Amino acid sequence: MPQNSLKNVAVIGAGSAGLVTARELKREGHIVVVFERENQLGGTWVYTPDTESDPVGLDPTRKIVHSSIYSSLRVNLPREVMGFRDYPFVAKKKPGRDPRRYPGHKEVLDYLNDFGVEFGLIGLVRFGMEVGYVGMLENGKWKVSYRKRENDDVFANEEYDAVIICNGHYAEPRIADIPGIEVWPGKQIHSHNYRVPDPFRDQVVVLIGGAASATDISREIAEVAKEVHISSRSATSGVPVKLPGYDNIWLHNMIEAVGSDGGVNFRDGSKVVADIILHCTG
């Protein structure tokens with residue numbers, strides 16, 4: 001590449017998107033800096049038992065936890081389709097690795113670390129650096145303001161020819177709009193803050209959602225919960241249906257409203273008094 005075509009590029013985020021972006025930019029000869037707010041790469045694949053201070057994720061001042069990974073999570077795609085084109089996601093015969101075709105989340109993180117080492121990306125990453133502002137300057141370049149995440153209130157500024165945002169969206173939960181929720185006395189939580197089933201022991205849980213996380217979590221908490229009631233758009237029978245193979249999971253259609261008595265009323269005409277509403281709504 002001609003010298004005058006080289007660009008100084010900032011990449012924000014060192015998850016899977018940020019790493020492959022840095023790899024391609026580096027391959028083309030550009031000068032790359034990757035800003036990563038955490039102290040390791042991997043993005044959403046970095047599991048932590050920590051959860052946010054607001055379990056629903058609506059409070060803008062809450063302590064934000066980036067990852068939505070729960071302890072038991074396994075991928076729902078075969079590893080053969082998850083790898084980068086020039087670095088396949090193959091099972092490695094190393095201690096602590098997961099050779100299954102549908103491995104657990106740690107195997108994905110290990111793969112991303114392997115990818116970073118293989119292509120010399122680790123040295124491009126500034127760990128523990130949180131970007132607070134990106135904006136275009138009059139000279140056509142981009143201003144990036146960043147700080148040390150843990151203990152620095154002062155932002156440093158740098159200029160780049162281009163900025164690529166790779167920080168994902170999994171830390172911004174979507175919550176179902178439920179009539180009467182302001183007077184409902186139970187607890188709400190978003191699946192972003194779900195880690196293990198123990199907090200649901202002996203509870204009556206209404207779980208909203210019908211996608212992968214709802215399927216995983218409903219089966220897992222059913223092992224300890226008193227009852228699990230799944231509210232899903234895909235439920236079209238018009239009556240509650242017990243899930244085959246389970247004694248304590250019922251499938252309902254959408255929630256009509258909730259009340260101050262703890263009741264959750266479904267559009268199929270049924271009602272349960274629930275302790276927890278769990279939003280698996282993306």
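Before reading on, note that the structure itself is shown above.
First, a word on what this report is: a plain description of the structure on this page. For clarity, every value in this text was computed on a predicted model and none was experimentally measured.

## Quick look at the sheet that holds strand β13 (residues 255-258)
Move 1: Spatial strand order, β13-β14-β15: three strands in an open sheet with antiparallel pairing. Unpaired on one side and paired on the other, β13 and β15 (271-273) mark the two borders of the sheet. This sheet shows a mean twist of 20° between the axes of neighbouring strands, independent of strand direction.
Move 2: Where strand β14 (residues 263-266) lies against β15, three bridges are found, and the strand directions are antiparallel. In the strand pairing of β15, Val 264 is matched with Val 272.

## Things to note about the nonpolar core
Move 1: Core analysis: the largest hydrophobic core is formed by 45 residues, its most contacted members being Val 34, Trp 45, Phe 200, Leu 207, Ile 217, Ile 221 and Leu 278.
Move 2: Put simply, the parts of the chain that give this core at least two residues each are β1 (8-12), α1 (16-27), β2 (31-36), α2 (105-118), β9 (204-208), α3 (212-221), β10 (227-231) and β16 (276-279).
Move 3: Looking at this core, the element that brings in the most residues is α2, giving five residues.
Move 4: When near neighbours in sequence (up to four residues on either side) are disregarded, Leu 278 contacts Ile 189, His 190, Ser 191, Phe 200, Val 205, Val 206, Leu 207, Ile 208, Ile 217 and Ile 221.
Move 5: Residues Val 204, Ile 208, Val 264 and Val 272 belong to the second largest nonpolar core, which totals 12 residues.

## Comments concerning the sheet that holds β16
Move 1: Here we have six strands laid out as an open sheet, ordered β8-β16-β9-β10-β12-β11, and mixed in their pairing. Two strands in the sheet have a free side with no partner beyond their single neighbour: β8 (187-190) and β11 (241-242).
Move 2: The sheet contact formed by β11 and strand β12 (residues 249-252) spans two bridges and is antiparallel. Across the sheet, the residue bridging to Val 241 is Leu 251, located in β12.

## Focus: the pairing of β16
Move 1: Residues Ile 276 and Leu 278 of β16 are buried on one face, and the alternating residues Ile 277 and His 279, pointing to the opposite face, are buried as well.
Move 2: The sheet contact formed by β8 and β16 spans four bridges and is parallel. For Gln 188, the partnering residue across the bridge sits in β16 and is Ile 277.
Move 3: Two strands pair when backbone bridges link them, and β9 and β16 are joined in this way by four bridges, in the parallel orientation. Paired with Ile 208 across the strands is His 279, a residue of β16.

## A short note on the pattern of salt bridges
Move 1: Under the criterion given, the structure shown has 19 salt bridges.
Move 2: The partner of Asp 86 in a salt bridge is Arg 23, and the shortest N-O contact between them spans 2.6 Å. Of the two residues, Asp 86 sits in the loop between β2 and α2 while Arg 23 sits in helix α1, which places them 63 residues apart along the sequence.
Move 3: A salt bridge links Asp 161 to Lys 141, with the nearest nitrogen and oxygen atoms 2.5 Å apart. Here Lys 141 lies in the loop between β4 (129-136) and β5 (142-148) and Asp 161 lies in the loop between β6 (156-160) and β7 (162-165), a separation of 20 residues in the sequence.
Move 4: Take Asp 161: its relative accessible area is 24%, and that puts it in the partly exposed class.
Move 5: Residues joined by salt bridges that share partners form a network here, namely Arg 79, Lys 92, Arg 97, Lys 106, Glu 107, Asp 110 and Asp 114.

Basis of the calculations
Residues numbered from 1 in each chain as written. Predicted model: local features only at pLDDT ≥ 70, side-chain atom pairs only at ≥ 80, totals over all residues. Heavy atoms only, no water. Pairing = 2+ DSSP bridges. Helix = DSSP H or I, 4+ residues; strand = E, 2+ residues; numbered from the N terminus. Axes fitted to C-alpha atoms, helices over the stretch in contact; angles between N-to-C directions. Core = buried A, V, L, I, M, F, W, Y, C linked by side-chain atoms within 4.5 Å. Buried < 20%, exposed > 50% of the residue type's maximum accessible area, 1.4 Å probe, protein only. Contact = heavy atoms within 4.5 Å. Salt bridge = Lys/Arg side-chain N within 4 Å of Asp/Glu carboxyl O.

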